[in-house]
Amino acid sequence: MKIACITGASSGIGAATATVFAQNGYNLILIARRSEKLNALATELAQQFGVQIHQAVVDVRNAEAVATVVKELPDYWKKIDILVNNAGLASGLSTIDKGDIADWDVMIDTNLKGLLYMTRAITPLMVERKSGHIINIGSIAGKEVYANGNVYCATKHAVDALNKAMRIDLAPHEIKVTAIHPGAVETEFSIVRFHGDTERAQKVYEGFDNLVAQDIAEAIWFAVSRPTHVNINELTIMPTAQPVASVIHRKL
Ligand code: NAP
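Figured I'd write up the structure that's included with this text. (Residues numbered from 1 in each chain as written. Predicted model: local features only at pLDDT ≥ 70, side-chain atom pairs only at ≥ 80, totals over all residues. Heavy atoms only, no water.)

**Remarks on the sheet that holds strand β3 (residues 53-57)**
Stated precisely, the cut-off is as follows: At least two bridges found by DSSP between two strands is the condition for calling them paired. Secondary structure is summarised from DSSP: a helix means a run of H or I of at least four residues, a strand means a run of E of at least two, and numbering begins at the N terminus for each. Convention adopted: a line fitted to C-alpha atoms gives each axis, helices being fitted over their contacting stretch, and angles between N-to-C directions are expressed from 0 to 180 degrees. The contact definition used throughout considers only heavy atoms, calling two residues in contact when any of these lie within 4.5 Å.
One open sheet accounts for seven strands, arranged β3-β2-β1-β4-β5-β6-β9; its pairing is parallel. A single partner strand is all that each edge strand has here, and the edge strands are β3 and β9 (234-237). Across the sheet, the axes of successive neighbouring strands diverge by a mean angle of 15 degrees, strand direction being ignored. Here strand β1 (residues 3-7) runs beside strand β4 (residues 82-85); their pairing, made up of three bridges, is parallel. Bridge assignment links alanine 4 to a residue of β4, and that residue is isoleucine 82. Running at roughly 165 degrees to strand β6 (residues 175-182), helix α5 (residues 150-170) makes contact with β5 (132-137), β6 and β9 of the sheet.

Shown next as structure tokens:
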């Protein structure tokens, strides 16, 4: 059975992706900080689909913890076929002159450095086996910028650049690299962005059909299920009502 390692598996796109992989018979390494959420998902997927799950409660911002978790994987679990670099967040939404430096740090440390730490820990295992596929979850914010999105957009532009650079570095080792760039997906994303203000978060998705996590999980599955000679470089996936990052047609 093949193995997928998914970061940010406790919620949203990561949890939906874990479910699609389990449906397709993958054993899973699930990574996030909230152990109770990971536990609940792992139990459900193991029962429903009969797959094996290895949970790792780790903060991807901690380079040492990430390296240790991967180093201490039992040999079987080191044969990772797919790495989904999904853990990430937006924190705050304000102009550059009023930005909160703590928000900036958490976004840079998670979206950029966390993705790098995971990639650095797992790619040598893929290089050794001359096989693997990395899926980087970017964003429309990595393709365009929008008002008040400054640092989040910068981190996702960095993911876009890294996605292209990784592909060049890893092609000689027969490793595929794909970026998925979603527009507005209703998950815990806006609750996290607005620091737990659920009312403000709900307003983000009012009056239009936003994407749901399953839409992105299916696109990830499409990318990983192509034949060996086909690499999907990137997919940008938007709600029909959101033609560009900063325009949403709402029926209110
Ligand atoms: P979500 O529901 O908030 O899920 C984010 C996941 O990331 C959670 O499982 C969270 O788990 C994990 N995470 C956050 N910080 C972490 C850390 N330091 N260490 C380990 N795990 C961490 O949001 P989502 O929408 O599914 O977001 C997933 C990805 O999609 C992110 O990279 C986001 O930027 C991207 N994206 C989202 C949208 C959108 O509209 N929702 C659009 C474009 C791109 P714990 O809190 O348990 O650690």
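**Side note on the site of the ligand**
Here is the rule we go by: Only heavy atoms are used to decide nearness, and a residue is near a molecule or strand if one of them lies within 4 Å of it. Pairing of N or O atoms within 3.5 Å defines a polar contact, subject to two protein rules: one partner must be a possible hydrogen donor and the other a possible acceptor, and residues neighboring in sequence count only if both atoms are side-chain atoms. All accessible-area figures derive from a Shrake-Rupley calculation using a 1.4 Å probe, and residue coverage is judged against the displayed protein chains alone. Under the scheme applied here, ten amino acids are nonpolar (Ala, Val, Leu, Ile, Met, Phe, Trp, Tyr, Cys and Pro), four are charged (Asp, Glu, Lys and Arg), and all others, including Gly, are polar.
Surrounding the ligand, one finds 29 residues, the nearest of these being Ser10, Ser11, Arg33, Tyr152 and Thr187. In this structure, an oxygen atom belonging to the ligand sits 2.8 Å away from a side-chain N or O atom of serine 10. One nitrogen or oxygen atom from the side chain of threonine 187 is found 2.6 Å from an oxygen atom belonging to the ligand. Across the complex, the protein chains shield 96% of the 880 Å² of accessible surface that the ligand would expose by itself. Residue assignment for the shell around the ligand shows that the elements contributing at least two residues are α1 (12-23) and α5. Of the residues belonging to the shell around the ligand, the class tally is twelve nonpolar, eleven polar and six charged.

**Topic: the packing of α1 against helix α2 (residues 35-49)**
Rules: Angle categories: roughly parallel below 35 degrees, roughly antiparallel above 145, roughly perpendicular from 65 to 115, and oblique for all the rest. In a left-handed crossing the near helix is turned counterclockwise from the far helix by less than a right angle, and in a right-handed crossing that turn is clockwise.
Viewed as axis vectors pointing N to C, α1 and α2 meet at an angle of 20 degrees, and their least axial separation amounts to 10 Å. For the element pair α1 / α2, the angle class is roughly parallel. The crossing of α1 and α2 is right-handed. Contact residues: α1 offers Ala15, Ala18, Thr19, Ala22 and Gln23, while α2 offers Leu41, Leu45 and Phe49.

**Here's the deal with the packing of aromatic side chains**
The cut-off we apply is this: Note on aromatic contacts: the rings of Phe and Tyr and the six-membered ring of Trp form a pair at centre separations within 6.5 Å, being stacked when their planes are under 30 degrees apart, edge-to-face when over 60 apart, and tilted otherwise. Burial status follows relative accessibility: with a 1.4 Å probe on protein chains alone, a residue under 20% of its type maximum counts as buried, one over 50% as exposed, and anything between as partly exposed. By definition here, charges over rings are those cases where NZ of Lys or CZ of Arg is within 6 Å of the ring centre and within 35 degrees of the ring normal.
Applying the stated criterion across every chain, the model contains five aromatic pairs. Plain terms: the ring middles of tyrosine 76 and tryptophan 77 are 5.3 Å apart, the flat faces sit at 80 degrees to each other, and that makes the pair edge-to-face. Judged by its relative accessible area of 8%, tryptophan 77 is buried. Among the aromatic residues, those joined into a cluster by ring pairs are Phe21, Tyr26 and Trp221. If you follow arginine 193 out to its NZ or CZ, it ends over the ring of tyrosine 152, 5.3 Å from the centre.

**Remarks on the environment of isoleucine 216**
Here isoleucine 216 lies in helix α8 (residues 213-224). By relative accessible area, isoleucine 216 is classed as buried at 0%. As a C-alpha pair, isoleucine 216 and arginine 120 span 96 residues in sequence and 24 Å in three-dimensional space. With sequence-adjacent residues up to four places away left out, isoleucine 216 is seen in contact with Ile13, Ile180, Pro182, Val185, Leu211 and Ile237.

**Here we look at the nonpolar core**
Cut-off, in case you're wondering: By nonpolar core is meant a set of buried Ala, Val, Leu, Ile, Met, Phe, Trp, Tyr and Cys residues that side-chain atoms within 4.5 Å join together.
Membership of the largest hydrophobic core comes to 36 residues, with the highest contact counts inside it found for Phe21, Leu28, Leu30, Ile135 and Ile220. Every element with two or more residues in this core is listed here: β1, α1, β2 (27-32), α2, β4, β5 and α8. Discounting chain neighbours no more than four positions away, the residues touching isoleucine 220 are Ile13, Thr17, Phe21, Val84, Ile135, Ile137 and Ile180. Listed in part, the 25 residues of the second largest apolar core include Ala56, Val60, Val70 and Ile122.

The analysis is restricted to geometry; functional conclusions fall outside its scope.
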